[in-house]
Amino acid sequence: MSLSHHVVRQDPFAGLSRFRDEFSSCLTRRADALFELADAVLCADGPVRSLVELSLVGEHRRGHGGLYDALSAGRVDVARLRRALAMVRLPRAADGRPVLAADLTCWLRPDAHTSPQRILCHTYGRGKDQHIPVPGWPYSVICALETGRNSWTAPLDALRLAPGDDAATVTARQARELVERLIDAGQWTDGDPEILIVVDSGYDVPRLAFLLKDLPVQVLGRMRSDRVLRRGVPPREPGVRGRPPRHGGEFVFGDPATWNTPDAQTVTAKRLYGTAVARAWGRLHPRLTHRSAWTAQLGALPVIEGTVIRSQVEHLPSGATPKPVWLWWSGTDATTVQVNRLWQAFLRRFGIEHTFRLFKQTLGRTCPRVRTPEAADRWTWLILAAFTQLRLARPLAADLRRPWGKPTPPDKLTPARVRRGFRHLRPKATCPAGAPKLTRPGPGRPPGRKNSEPTARYDVHTVSKPGSTKRRTKKSTTPRPRRTG
């Protein structure tokens, strides 16, 4: 007998089946109905438009009543599901480190007057260059980014912002718990490069770095082009009396006369952007004041030093006029190799936008008209678990393209194309959901009897200073540079 007969071949569906078993164990109430609901999202023929249509999918063996009951009265062990997502193999950057991107995605519910805990979500107005506040439920989502030009990410956590929450504080707590789970799962060990967290300009990047300074992470984020940072304090001359200064000279983003010579500079040729020039200045910090998020800080405010990177490309694929992008990195003394990797890592942050679009337009994350925020959380975690199954089925799926579509290599399939063939992969993986039981519908409200207990109505939470009666004024078209953080 040859030696090849003793070799045990590994099941290619082992990873997918293992996660499906773990996901099923995270569903502690209405487990079978919730599991089949996630399978219906993956096996539907087209985009998910409504929940009731999911009950017609062949993989969902229960009626529409059980579907709504599972979403409103089911229960998901979120802590265990978070640990299961942290155990899945993560994508890595070119230097081997995990790159995490955090951003907010809003579930808009402007007409849901009976839904509690709604707050104003800032949305970009269509056709207008302004932000329009719309009531809804904002969610902070953290994903692991991949390298290269693709629309794949690895969603690892989602957290709904409650009324009165600060986005930077909530994101820092969420990132801290996620990094601790990744360390416990063996995704990061001592000696590995520090984890990079990438955020957009909506976050207070220095404050986020200050809250995570005791973890093996680095923070990279975009700053507004009207910011003003400070340099370090120069050496004090002998014989000078008085209180020593805490800040050096100004570094005005909009004034090149204050930049001086950059500490590092790179020039890279890109196919879509032409010549990209990145310049970096080290050891710059914002001048903090006792207001906003730093109101409760006692004593002297910290000096949070970092590296400022200015990235300028030659042209954009859309033909629009390119504008410089200002980035702030929590590290100091950046080399040319680090500068080149950092600004390209920020470009990969936009992969999370493709994930949000797939969640909403294909998987139907915001299509249910649920009433309670708990049901919205439950549905959000089902979408995250369903997308993780797509990521695990990525090397197993075939390219089931339309007659008018172009052929795609197996390693270049998009999440939508993997979902198109998931129905054929599902029978080969484990399906722990049990068969439905025969039931009869309830009697419901007797005919002719009116509802004697109307649903309570809730106001939208708005943030305002106590005792403030100042009216909003029109935003100035020529704002002054922001000299405080």
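Remember, predicted model here, so these are calculated numbers, not experimental data. (Residues numbered from 1 in each chain as written. Predicted model: local features only at pLDDT ≥ 70, side-chain atom pairs only at ≥ 80, totals over all residues. Heavy atoms only, no water.)

Trainee: Pulling in residues and values, what's your account of the packing of aromatic side chains?
Mentor: This model, assessed by the stated rule, comprises 14 aromatic pairs. On the numbers, 6.0 Å between centres and 85° between planes, the contact of Trp-107 with Trp-137 is edge-to-face. Taken together, the residues span a long stretch of sequence, with Trp-107 in strand β3 (residues 99-108) and Trp-137 in strand β5 (residues 131-145) at a distance of 30 residues. A relative accessible area of 0% means that Trp-137 is categorised as buried. Here the aromatic rings of Trp-152 and Phe-387 are separated by 5.9 Å at their centres, their planes lie at 45°, and the arrangement is tilted. Placement of the pair is Trp-152 in the loop between β5 and β6 (153-160) and Phe-387 in helix α10 (residues 373-392), with a sequence separation of 235 residues. There is no split in this pair, since Trp-152 and Phe-387 are both buried. (Phe/Tyr/Trp six-rings, centres within 6.5 Å; stacked < 30°, edge-to-face > 60°. Helix = DSSP H or I, 4+ residues; strand = E, 2+ residues; numbered from the N terminus. Buried < 20%, exposed > 50% of the residue type's maximum accessible area, 1.4 Å probe, protein only.)

Trainee: Can you explain the side chain of Arg-365? Please cite residues and give values.
Mentor: Within the element layout of this structure, Arg-365 appears in the loop between α9 (351-361) and α10. No salt bridge is formed by the buried Arg-365; the nearest opposite charge belongs to Asp-377, separated by 7.0 Å. Apart from residues lying up to four places away in sequence, Arg-365 is in contact with Thr-105, Cys-106, Trp-107, Tyr-139, Phe-359, Lys-360, Trp-379, Thr-380 and Ile-383. (Lys, Arg positive; Asp, Glu negative; His and termini not counted. Salt bridge = Lys/Arg side-chain N within 4 Å of Asp/Glu carboxyl O. Contact = heavy atoms within 4.5 Å.)

Trainee: Give a description of the nonpolar core that names residues and reports values.
Mentor: Counting 81 residues, the largest nonpolar core has Phe-23, Leu-54, Leu-196, Leu-220 and Trp-379 as its most contacted members. Of the residues forming this core, the biggest block, 11 residues, is contributed by α10. Ignoring anything within four residues of it in the chain, the contact list for Leu-220 reads Leu-196, Ile-197, Val-198, Val-199, Val-205, Leu-327, Trp-328, Trp-329, Leu-342 and Phe-346. Within the second largest apolar cluster, 40 residues are counted, among which are Val-217, Trp-259, Leu-301 and Ile-304. (Core = buried A, V, L, I, M, F, W, Y, C linked by side-chain atoms within 4.5 Å.)

Trainee: Can you tell me about the pattern of salt bridges, naming the residues and giving the values?
Mentor: For the structure shown, the criterion picks out 25 salt bridges. Note that Asp-69 is salt-bridged to Arg-30, the shortest N-O span being 2.4 Å. Here Asp-69 is found in helix α4 (residues 64-73), whereas its partner Arg-30 is found in the loop between β1 (27-29) and α2 (31-43), with 39 residues between them in sequence. According to the relative accessible area criterion, Asp-69 is partly exposed, its value standing at 30%. Taking the relative accessible area as the measure of exposure, Arg-30 reaches 34% and is therefore partly exposed. A salt bridge links Asp-200 to Arg-222; its shortest N-O distance comes to 2.8 Å. Of this pair, Asp-200 sits in the loop between β7 (195-199) and α7 (205-211) while Arg-222 sits in strand β8 (residues 217-223); the two residues are 22 residues apart in sequence, bridging distant segments of the chain.

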